[in-house]
Structures are given as C-alpha cells and as structure tokens.
Amino acid sequence: MADARIESSAPGPSPSTPINPLLPSLPEIQTIESPGAPSQSDSAGSPQTSNVVVDPLGLEEPLPKRRKFEANSQINEKLEQRLGGILCCAVCLDLPKIAVYQCQMGHLMCAACFTHLLADGRLRDQAATCPNCRVEISKSTASRNLAVEKAVSELPSDCQFCGKEFPCKSLERHEQVECEERPTNCKYIRIGCQWKGPIHEAQEHEGMCSHPKKSGAEVMAALQARDMEFEEEKKFYGTLIDLLSYEKIIFNDLQMKPYRTDEYVQKLFYETARFTAFNHQWVVKARINNSQRDPHQSTEREITYQLILKTKTSCPLNIHYFALKGPFSDMKLTTKIYKHDFTDSENMSEYNHLPLPDSSECNRLLASKAINFRLIMFLLSK
C-alpha cells in the first residue's frame, strides 16, 4: 500500500507543461489583434482580440480561395456554340460540311479550303503551308480527322431559308426536301411566269397566276426561248450520233502533268506524253486562266486545252474531239465537241474551254499531281 501511495503521489506533468519539449506551453501561445480589428482601448473599455490563432510553427492552412466570376462572363453560352468555334475551318472559319483535313500540328481545314491551298501552291510553284503554323501540307502529309467529322455532323446549323437549327448531317435534306421556306418557281414558268418564292406560297400563287389565262400570242416569246434551248440540245445529240457513225474513231486515256516555262516570268502548263491516233503523233496541252500572270490571285479559275499534231501530214485531217472523265478520273466534266482541220501549217488547235462546273472543281484538279481524262477523236474520211 505504501508503494501504491508513493506511485500515486508521484508528480505528473502539469496541464501547462508540454508533452513535447520543443513545443511551447499553452500560456506562451498568445493571441494577436487582426489588422482590421479595433484597438484594446476602444469605446467599450475592454480589450478585444481577434479569433485568429497564430501557429508558432507556421503550419496554419490558408483560407480557401473563392472562385472568381466576371460579371459579363458567358457562362450560359451553349456547348454547341463553343464547339463550333473550336472545330471550324482555320481558313474560312465555317463548320466543314464534308471532309475535315488536319496538318501535322492538328489544325483543321475543310475540304474546299484544303484543295484551294494546294492549288495556290501549285500556281505559285511553292509548297502549300498551313495558315496557322506554316507547316508544309500535302495530300501525303495531311490526314482526315474522322472524329471531328462525326462531331461536326451532330452539331446544329441554321437553315439558310427558315433559320431553324438542324444537325449538319440532316440539314441538306431539310433544305432540299422538307423546308417550307425553300424557294421554288411557278409551275407556269414554261409560259413566261417569273415568280419565285417560298414553296408554301406556291399553291396560292398558282391559283391566282395570270399566265394560264393569256393568249397564245402573249406567251409565244417564252415558248420561243424554250424552243431555242431544245434545238441546241437536239443539235448536240444529233452531232454526237453522226460522229459515232464515222469509220475512224479512237480514244486514249491520257494523263497531263504540270511543267513551267523557262521565261523570266514562269508560266504553268500541263501536257500529256505523245500518243498515237490515226497513224500520227499527238499531244494535249493545257493552261490556267489563259496564262494569266498571277492566277493564284484570282478566285475564278478555268482550264483551257488544245490538241497538237506532232507529225507531218500529207493531207488535211478533219478532226472532231472532246474530253471525258474516263475510268481513272473522278472529275466532274460535261461534254462539249470541238473541231479543227489539222495541216502542216495549222498543226495546233485553238485553246478550248474544259467544261468544268465551277472553280472548286478546277482547284481540285490543280491540287492533284496529274490530271487524268479520256480523249475521244473522230476522223472524217474524204
């Protein structure tokens, strides 16, 4: 019992004595006034202290930072609009409608702008570059971004007629078939009615149209214009049928490659290798914008071509010819027949227009390394 009393009466650590000798005791922890608090000799007469306790080791945690909001921040902006600004073409700043290409650094370009850049590089005789990072681009280095194409197809886009939003993948069908505001012509356009308006108003207009009530003499001018178009089309098919009845017909699948002249101001031409037709050697030569000095500065572009006889002939050669896209090309080309009488002195035809639908198709051909087509020739035997 004595031992027990001795152990129980042994002096223990007082409340003010720290367990860790390195830490100060509780009385040594003092409070300080906060910078914005009133002094101790305030009007109340009692000392006031702040509720901020100073950690003697400097281990207090900082107060959590408040998130800053700008008064005019666009927090309500739609996700579709933000994605539209990110996935747009770096050249035209529009959402791509068909294919999306990207350079090696990932900058996006729509198919039309991509081919336009390649065509400009061809016309300037320079490597095409990305407009953002200036890295070289070509059909071998650039690649399609299928993920972006699928994402863009789901983004909404405004109809150009009614202004409503539709997914890009269904917008074309809506504008062509479904939209009630799409423009249409009056069904009496053949007899001279020039009305054009929304399709939902067509039925009302046709019920009030005055052209069906006109006399034959009044609608004769419109009918004559239609007859002229029909006669031109009839003449073309008649000529083609007559040519197919010729004894000597030949076709060649050709490839035109670009080259430049040695002049001070170099000019771009395309030319095929020599080919044989009717026991003679021939070459097809083409130029851009009729050899305009700076064709890359023009947005309107066209290709003209000529047929050249490379061998001598003892008698004139009455040749009809026209170009088709052929089996090794996907160019969009209409048919137009040309004629020339080849002799030793007149061994080159005039530069004739290659009937492409628009400048975009011309850019697509210029962007490729070569132009493939089929040339059909007819020789009139005398």
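Residues numbered from 1 in each chain as written. Predicted model: local features only at pLDDT ≥ 70, side-chain atom pairs only at ≥ 80, totals over all residues. Heavy atoms only, no water.

## What to know about the overall build of the protein
Helix and strand counts for the protein stand at 8 helices and 16 strands. The 382 residues of the protein split such that 31% are buried. When contacts within the protein are restricted to residue pairs at least 6 apart in sequence, long-range pairs at least 24 apart make up 51% of them. Accessible surface for the protein amounts to roughly 26300 Å². Of this, 52% is attributable to carbon and sulfur atoms. (Helix = DSSP H or I, 4+ residues; strand = E, 2+ residues; numbered from the N terminus. Buried < 20%, exposed > 50% of the residue type's maximum accessible area, 1.4 Å probe, protein only. Contact = heavy atoms within 4.5 Å. Areas by Shrake-Rupley, 256 points an atom, 1.4 Å probe, with all protein chains shown as cover.)

## Overview of a nonpolar patch on the surface
A cluster of nonpolar side chains, Leu79, Leu83 and Ile86, forms an exposed patch at the surface whose accessible area comes to about 280 Å². By the secondary structure assignment, Leu79 is in helix H2 (residues 79–86). (Patch = residues over 30% accessible without salt bridge, like charges linked within 9 Å, V, L, I, M, F, W, Y side chains within 5 Å. Salt bridge = Lys/Arg side-chain N within 4 Å of Asp/Glu carboxyl O.)

## A word on the packing of aromatic side chains
Scanning all chains against the criterion turns up 8 aromatic pairs. With a centroid separation of 5.9 Å and an interplanar angle of 25°, the aromatic rings of Tyr259 and Phe269 are classed as stacked. Of this pair, Tyr259 sits in strand S8 (residues 248–260) while Phe269 is found in strand S9 (residues 268–271), placing the two residues 10 residues apart along the sequence. Between Tyr305 and Tyr338, the aromatic rings sit 6.2 Å apart at their centres with planes inclined by 80°, giving edge-to-face as the arrangement. Taken as a pair, Tyr305 in strand S12 (residues 303–309) and Tyr338 in strand S14 (residues 338–342) lie far apart in primary sequence, 33 residues in all. In this structure Tyr305 comes out as buried when scored by relative accessible area, which is 4%. An aromatic cluster is defined as three or more aromatic residues linked by ring pairs; in this entry it consists of Tyr305, Tyr321 and Tyr338. Lying over the aromatic face of Phe269, Lys285 brings its terminal NZ or CZ to 4.6 Å of the ring centre. Its guanidinium or amino end placed over the ring of Tyr351, Arg287 lies 3.8 Å from that ring's centre, counting from NZ or CZ. (Phe/Tyr/Trp six-rings, centres within 6.5 Å; stacked < 30°, edge-to-face > 60°. Lys NZ or Arg CZ within 6 Å of the ring centre and 35° of its normal.)

## Notes on the environment of Leu365
The topology assignment puts Leu365 in helix H8 (residues 359–367). You can call Leu365 buried: its relative accessible area is 7%. With 35 residues separating them in the primary sequence, Leu365 and Asp330 have C-alpha atoms 9.7 Å apart. Sequence-distant contacts of Leu365, that is, excluding residues within four places in its chain, are made with Ile303, Met331, Leu356 and Ile371.

## Notes on the sheet that holds strand S3 (residues 143–144)
One open sheet holds the 3 strands; their spatial order is S2-S1-S3, and the pairing between them is antiparallel. The sheet is open, and its two borders are formed by strand S2 (108–110) and S3, each paired with just one other strand. Strand direction decides the pairing type here: strand S1 (residues 100–102) and S2, joined by 3 bridges, are antiparallel. The residue of S2 that forms the bridge with Tyr101 is Met109. Against the sheet, helix H3 (residues 111–124) touches S1 and S2, its axis set at about 95° to S2. (Pairing = 2+ DSSP bridges. Axes fitted to C-alpha atoms, helices over the stretch in contact; angles between N-to-C directions.)

## Observations regarding the pairing of S9
Here S8 pairs with S9 via 4 bridges, running antiparallel. Across the sheet, the residue bridging to Lys257 is Glu271, located in S9.

## Here we look at the nonpolar core
By size, the foremost hydrophobic cluster in this structure holds 35 residues, and its most contacted members are Trp282, Leu307, Ile319 and Met377. With 5 residues, strand S16 (residues 371–379) is the largest single contributor of residues to this core. Setting aside residues no more than four positions away along its own chain, Met377 makes contact with Lys248, Ile249, Ile250, Phe275, Ala277, Phe278, Trp282, Leu307, Ile319, His320 and Tyr321. The next biggest cluster of nonpolar side chains, apart from the first, holds 13 residues, and it includes Met109, Leu118, Ala128 and Cys130. (Core = buried A, V, L, I, M, F, W, Y, C linked by side-chain atoms within 4.5 Å.)

## Points about the pattern of salt bridges
As enumerated under the stated definition, the model contains 8 salt bridges in all. As a salt-bridge pair, Arg144 and Glu149 come within 2.8 Å of each other at their nearest N and O atoms. The partly exposed category is assigned to Arg144, whose relative accessible area is 46%. Because the salt bridges share partners, they merge into one network encompassing Asp330, Glu361 and Arg364.

## Examining the confidence of the model for the protein
Taken as a whole, the protein shows an average pLDDT of 82; of its residues, 79% reach a score of 70 or greater. The weakest mean pLDDT in the protein belongs to helix H1 (residues 2–8) at 44; the strongest belongs to S12 at 96. Within the model, pLDDT remains below 50 along residues 1–11, and this stretch shows 0 contacts once partners closer than five positions in the same chain are excluded. Note that residues 69–73 has pLDDT below 50 and, in this model, 0 contacts with residues that lie over four places away or in other chains. (pLDDT = per-residue confidence, 0-100.)

## Focus on a negative patch on the surface
A cluster of acidic side chains, namely Glu180, Glu181, Glu201 and Glu204, defines a negative patch on the protein surface. If you trace the backbone, Glu180 turns up in the loop between helix H5 (168–178) and strand S6 (183–185). (Lys, Arg positive; Asp, Glu negative; His and termini not counted. Charge placed at Lys NZ, Arg CZ, Asp CG, Glu CD.)

## A few points about H3
Taking 1.5 Å per residue as the helical rise, H3 with its 14 residues ought to reach 20 Å, and the 20 Å between its terminal C-alpha atoms agrees with that figure. The set of residues buried in H3 consists of Cys113, Phe114, Thr115, Leu117, Leu118, Ala119, Asp120, Gly121 and Leu123. (Expected span 1.5 Å × (residues − 1).)

## Brief notes about the side chain of Thr272
Looking at the element boundaries, Thr272 is found in the loop between S9 and strand S10 (275–277). Non-local contacts of Thr272, meaning those with residues more than four positions away in its chain, are made with Leu254, Gln255, Met256, Val283, Val284 and Phe373.

## Description of the pairing of S14
Burial of S14 is one-sided: the residues Tyr338, His340 and Phe342 facing one way are buried, the residues Lys339 and Asp341 facing the other way are not. Bridge count between strand S13 (residues 317–324) and S14: 5 bridges; the pairing is antiparallel. Within S14, the residue paired with Asn318 across the bridge is Asp341.

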